[in-house]
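# Chains, contacts and geometry: an overview
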Amino acid sequence: MINKISVIIADDHPIVRHGIKSILENSNLIDVIAEAEKGEEAIKHIKELSPEIAILDMDMPKMTGLEVIQTAVQLEIKSKFIIITAYKDETLLQKALSFGVSGFLLKENALVEIILCVQKVYEGKSYISSELTSNLIYNNESKKNFRWSKSSDIKSDTYREKNIKISCLRSE
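My aim in this report is to walk through the structure given alongside it, one point at a time. (Residues numbered from 1 in each chain as written. Predicted model: local features only at pLDDT ≥ 70, side-chain atom pairs only at ≥ 80, totals over all residues. Heavy atoms only, no water.)

## Describing the overall build of the protein
What counts is decided by this rule: Every helix listed is a DSSP run of H or I at least four residues long, and every strand listed is a run of E at least two residues long, numbered separately from the N terminus. Exposure classes here rest on a 1.4 Å probe applied to the protein chains alone. A residue is buried below 20% of its type maximum, exposed above 50%, and partly exposed in between. Contact criterion: two residues are considered in contact whenever any of their non-hydrogen atoms come within 4.5 Å of each other. Note on areas: Shrake-Rupley with a 1.4 Å probe; residue coverage comes only from the protein chains shown.
Looking only at helices and strands, the protein features seven helices and six strands. Each helix (α) and strand (β) of the protein, taken in turn from the N terminus, gives the series β-α-β-α-β-α-β-α-β-α-β-α-α. Here the protein holds 172 residues, and 41% of them are scored as buried. Taking as baseline every contact in the protein between residues at least 6 positions apart, the subset at least 24 positions apart corresponds to 59%. Only carbon and sulfur atoms are counted for the fraction: they give 52% of the accessible area of the protein, which is about 9,700 Å².

## Concerning the packing of helix α2 (residues 39-49) against helix α3 (residues 65-74)
Using the following cut-off: Convention adopted: a line fitted to C-alpha atoms gives each axis, helices being fitted over their contacting stretch, and angles between N-to-C directions are expressed from 0 to 180 degrees. Crossing chirality is assigned from the near helix's rotation relative to the far helix, an anticlockwise turn below a right angle marking it left-handed and a clockwise turn marking it right-handed. Side-chain classes are defined by residue name, with Ala, Val, Leu, Ile, Met, Phe, Trp, Tyr, Cys and Pro counting as nonpolar, Asp, Glu, Lys and Arg as charged, and the others, Gly among them, as polar.
Two numbers describe how α2 lies on α3: the axes approach to 9 Å, and their chain directions differ by 30 degrees. α3 is crossed by α2, and the crossing has right-handed handedness. Seen from α2, the contacting residues are Gly-39, Ala-42, Ile-43 and Ile-46; seen from α3, they are Val-68, Thr-71 and Ala-72. Considering only residue class, the contact of α2 with α3 consists of five nonpolar, two polar and no charged.

Written out as structure tokens, the structure reads:
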């Protein structure tokens, strides 16, 4: 019997929590051990249940996902954290990473990416939504005049080549 990854989900929207829970539990790799609607509730569950991973909405009432993480770190809780958000904001991503977030997932990509994100974070790796990763790479390319290939035009890479490069960056 395979040990399942224990997860807590915190999001103020019941439909989002239910959707994430359904996807995770259908994988047979993950056990959702608690759900929370608010940040305070998430901290309580994290302290009491010690999940391997806590999936936290960035924007919850009274206590944000980052504030939950900050509190958990102060309490020396060993859980790993994934932020799930609707915001495609590079600054927000950088702030989350500075708080020790292991995963950063856009809600619009969660259906496709949530299981892989949980698996990577459980393995001790980081995971960032593919769309954000693409944007970061493109923005860095623009800022540094970095070239993907010998050609000076980023459009010279095929869609497959770009995805391979993104996958390589994720696995580092």
